[in-house]
Amino acid sequence: MIVENEKKAQLDEFENIDLAVTRDSHYGTIAEPVYSGVLSFMRRKYTKQLKDVDVAVVGVPFDLSVTNRPGARFGPRAVREASAQLAWGKAWGWGEDPFDSLNVVDWGDCLFDPGYPDQIVHSLEKQFDQLLSQDVSTLAIGGDHFVSYPIIKAYAKKYGPLSLIHFDAHCDTWRDKEGRIDHGTMFYHAAKQGLIDPEHSAQIGIRTHNSESHGFNVFDADQVHTLGVPEIIARTREVVGDRPCYITFDIDCLDPSVAPGTGTPVIGGLTSAQALELLRGLKGVNVMGMDLVEVSPSYDVGQITSLAGATIALNLLCLFGAKGSC
Ligand code: MN
Ligand code: MN
């Protein structure tokens with residue numbers, strides 16, 4: 001539902017500024033100059049008020065659990081900035097714009113004290129508990145991939161074990177000791193603790209070795225390239241069905257040639273076109289929550305990784321808006 005003045009306003013981008021704080025309606029797309037103004041994800045309203053909100057975009061600037069290069073704590077800010085150049089028009093490729101039907105706000109960032117690393121899991125989990133208790137879904141922007149763990153803990157508490165649709169170069173299920181914080185092992189713990197259901201989960205784009213799958217359905221990058229995207233979509237849909245699912249997108253699923261700005265790049269990855277086709281092909285899945293992680297702008301070139309991250313995050317919102325549609 002776009003209010004009349006917003007319909008008019010979207011015609012001229014130079015009539016609007018700082019929509020993140022000045023906009024009245026949470027719906028619709030209004031243009032403002034790409035290069036200026038207060039930054040929020042997709043120029044949505046920056047607010048902690050979640051009454052009637054469908055999706056809260058939440059930054060999680062945490063990167064203490066990386067195994068290689070740090071820097072993903074700057075991911076949320078970089079993705080918000082890159083999203084400004086997507087926010088002047090309607091989302092492409094879905095037929096309808098998510099902001100016409102979804103009330104989406106930018107909730108800002110999670111708060112935690114990096115000086116107490118052992119308290120961070122609990123602190124993030126509590127913040128997501130509070131968000132979910134207000135009947136919103138979340139699109140989290142990392143942060144390194146470990147942030148998915150406390151978020152999924154909160155989701156599993158509310159919805160039970162979830163199917164995971166996991167885009168990544170890495171399986172993140174390497175065996176680990178209980179309690180360790182590591183962005184390569186959290187889905188091993190999550191599966192073991194019954195937060196996710198590996199048999200009904202899909203890992204897409206994997207291209208690093210793990211001798212154990214722990215029951216996950218792995219559709220590796222070579223399969224994406226040789227079998228083709230439509231086949232991977234069909235297999236993923238078969239595995240997940242209409243079960244409640246959580247979608248997590250590690251930007252290193254994409255090839256470093258299109259997404260160099262990440263901590264642990266691996267060559268042979270997906271093109272951005274393959275990733276977008278995959279997401280569109282999952283239209284209708286029962287997505288409860290989602291995240292986009294591992295954008296690390298210090299290693300980026302010409303902001304292409306941040307732009308890829310922002311576009312994937314926008315497509316995750318499109319997927320959320322289309323749930324149950326087919
Ligand atoms: Mn990962
Ligand atoms: Mn990865």
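You'll find the structure just up there.
We now turn to the structure provided with this report. (Residues numbered from 1 in each chain as written. Chains lettered and ligands numbered in written order. Predicted model: local features only at pLDDT ≥ 70, side-chain atom pairs only at ≥ 80, totals over all residues. Heavy atoms only, no water.)

## Brief notes about the coordination of the manganese ion (ligand 2)
Stated formally: We call an atom a donor if it is N, O or S and sits within 2.8 Å of the metal, or 3.2 Å for Na, K and Ca. Water is not counted, so some sites may look partial. Working definition: helices are DSSP H or I runs of at least four residues, strands are E runs of at least two. Numbering for both runs from the N terminus. Using a 1.4 Å probe on the protein chains alone, a residue whose accessible area is under 20% of its type maximum counts as buried, one over 50% counts as exposed, and one in between counts as partly exposed.
Listed as protein donors to the manganese ion (ligand 2) are Asp168 (OD), His170 (ND1), Asp250 (OD), Asp252 (OD) and Asp252 (OD); their distances from the metal cover 2.1 to 2.4 Å. Separating the manganese ion (ligand 2) from the manganese ion (ligand 1) is a gap of 3.2 Å, which Asp168 spans by donating to each of them. Linking Asp168 in the loop between strand S4 (163-167) and helix H7 (186-192) with Asp252 in the loop between strand S7 (245-250) and helix H10 (272-281), this pair joins segments that are 84 residues apart in sequence. Exposure class is identical for Asp168 and Asp252. Each is buried.

## As for the pairing of S7
Note the cut-off: DSSP calls a pair of strands paired once it identifies at least 2 bridges connecting them. Orient the strands so they point away from the viewer; a crossover is then right-handed if the path from the first strand over the helix to the second runs clockwise.
Counting buried residues along S7, 6 of its 6 residues qualify, which places the element largely inside the surrounding structure. Of the strand pairs in this sheet, S7 and strand S8 (residues 287-293) are connected by 6 bridges, and their pairing is parallel. Residue pairing in the sheet places Cys245 in a bridge with Val287 of S8. Between S7 and its parallel partner S8, the chain crosses via H10, and the hand of that crossover is right-handed.

## Here's the deal with the coordination of the manganese ion (ligand 1)
Within the first shell, the manganese ion (ligand 1) binds the protein through His145 (ND1), Asp168 (OD), Asp172 (OD) and Asp250 (OD), at distances of 2.1 to 2.2 Å. Binding-site remark: the manganese ion (ligand 1) is held by donors from one chain whose sequence spacing is H-x22-D-x3-D-x77-D.

## A short note on the nonpolar core
Heads up, the rule is: Buried Ala, Val, Leu, Ile, Met, Phe, Trp, Tyr and Cys residues form a nonpolar core when they are joined through side-chain atoms within 4.5 Å. Here, residues are in contact when the closest pair of their heavy atoms is within 4.5 Å.
Counting residues in hydrophobic clusters, the biggest one holds 55 residues, and the most contacted among them are Phe41, Leu139, Phe167, Ile247, Met290 and Ile312. The contacts of Met290, once residues within four sequence positions are left out, are Val55, Thr138, Leu139, Ala140, Tyr246, Ile247, Leu316, Leu317 and Phe320.

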